[in-house]
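Residue-level structure breakdown
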Amino acid sequence: MLRFHATSVECFSQFAEVLTVSFDNRADHYLALQVWTEGFEENADGIGMIHVEVDDQSNSGYDCFTEVELRRNAFHICFDGQVRELAQLRAVEVTFALGADEFKELGTALRRIFR
């Protein structure tokens, strides 16, 4: 399992089509989650809905997780066997320190991703 502390947690939309949540330690580890926003779901046909990337684009895949959990100071994701590189990690746990408003924004964005 990969564990790291994110010094940056961002929730943003790209081109109004893709919602991204990113956890980054600004050194050597990051976890990015992306989903097509409502109205653009047809773009996922044939590839999957939720894109997960860990540290590099070569460690990424669509809908390749079995479990996610958001806690007040951490996010945890477990991977299935679809993508060999992610399956070898088994899971990622990211800790962070966010204020109440930022945590609420994160929770809202993650609910949109895992809708």
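Residues numbered from 1 in each chain as written. Predicted model: local features only at pLDDT ≥ 70, side-chain atom pairs only at ≥ 80, totals over all residues. Heavy atoms only, no water.

**Some thoughts on the sheet that holds strand S8 (residues 74–79)**
Sheet strands line up and pair through hydrogen bonds in the backbone, either parallel or antiparallel. Taken in spatial order, the four strands make up an open sheet running S1-S9-S8-S7, and their pairing is mixed. Looking at the sheet topology across the chains shown, the edges are occupied by strand S1 (2–5) and strand S7 (65–71). Adjacent strand axes in the sheet meet at a mean angle of 10 degrees, parallel and antiparallel pairs treated alike. Relative to strand S9 (residues 91–95), S8 is paired through five bridges, and the arrangement is antiparallel. Each bridged residue has a counterpart across the sheet, and for Cys-78 the counterpart in S9 is Ala-91. Against the sheet, helix H2 (residues 100–113) touches S7 and S8, its axis set at about 160 degrees to S7. (Pairing = 2+ DSSP bridges. Helix = DSSP H or I, 4+ residues; strand = E, 2+ residues; numbered from the N terminus. Axes fitted to C-alpha atoms, helices over the stretch in contact; angles between N-to-C directions. Contact = heavy atoms within 4.5 Å.)

**Some details on the packing of aromatic side chains**
Considering all chains together, one arrives at three aromatic pairs under this definition. Taking the centre distance of 5.3 Å and the plane angle of 85 degrees together, the rings of Phe-65 and Phe-114 count as edge-to-face. Of this pair, Phe-65 sits in strand S7 while Phe-114 sits in the segment after H2, placing them 49 residues apart in sequence. By relative accessible area, which is 23% here, Phe-114 ends up partly exposed. (Phe/Tyr/Trp six-rings, centres within 6.5 Å; stacked < 30°, edge-to-face > 60°. Buried < 20%, exposed > 50% of the residue type's maximum accessible area, 1.4 Å probe, protein only.)

**Section: the sheet that holds strand S5 (residues 50–54)**
Reading across from one edge, S2-S3-S4-S5-S6 is the order of the five strands in this open sheet, with antiparallel pairing throughout. Of all strands in the sheet, those with a lone pairing partner are strand S2 (8–14) and strand S6 (56–62), marking the two edges. The mean angle between the axes of side-by-side strands here comes to 15 degrees, regardless of whether they run parallel or antiparallel. Sheet analysis places S5 next to S6, joined by four bridges and oriented antiparallel. From the neighbouring strand, Glu-53 faces S6, where its bridge partner is Ser-60. Packing of H2 onto the sheet brings it into contact with S2, strand S3 (18–24), strand S4 (30–36) and S5, and relative to S3 it is tilted by some 130 degrees.

**Examining unusual backbone geometry**
At Asp-55, a position not held by glycine, the phi torsion is positive, near 70 degrees. Located in the positive-phi region is Arg-90, a residue other than glycine, with phi close to 70 degrees. Among the structural elements, Arg-90 can be located in the loop between helix H1 (84–89) and S9. Taking the relative accessible area as the measure of exposure, Arg-90 reaches 54% and is therefore exposed.

**Looking at the side chain of Asp-80**
The residue Asp-80 is located in the loop between S8 and H1 in this model. Here Asp-80 sits buried without a salt bridge, and the closest side chain of opposite charge, Arg-84, lies 13 Å off (N-O distance). Engagement of the side chain of Asp-80 in a polar contact is seen with the side chain of Gln-82, the distance being 2.8 Å. Each residue touching Asp-80, except ones within four places of it in the same chain, is listed here: Asp-63, Cys-64, Phe-65, Thr-66 and Ala-87. (Lys, Arg positive; Asp, Glu negative; His and termini not counted. Salt bridge = Lys/Arg side-chain N within 4 Å of Asp/Glu carboxyl O. Polar contact = N/O pair within 3.5 Å; in protein donor to acceptor, adjacent residues only side chain to side chain.)

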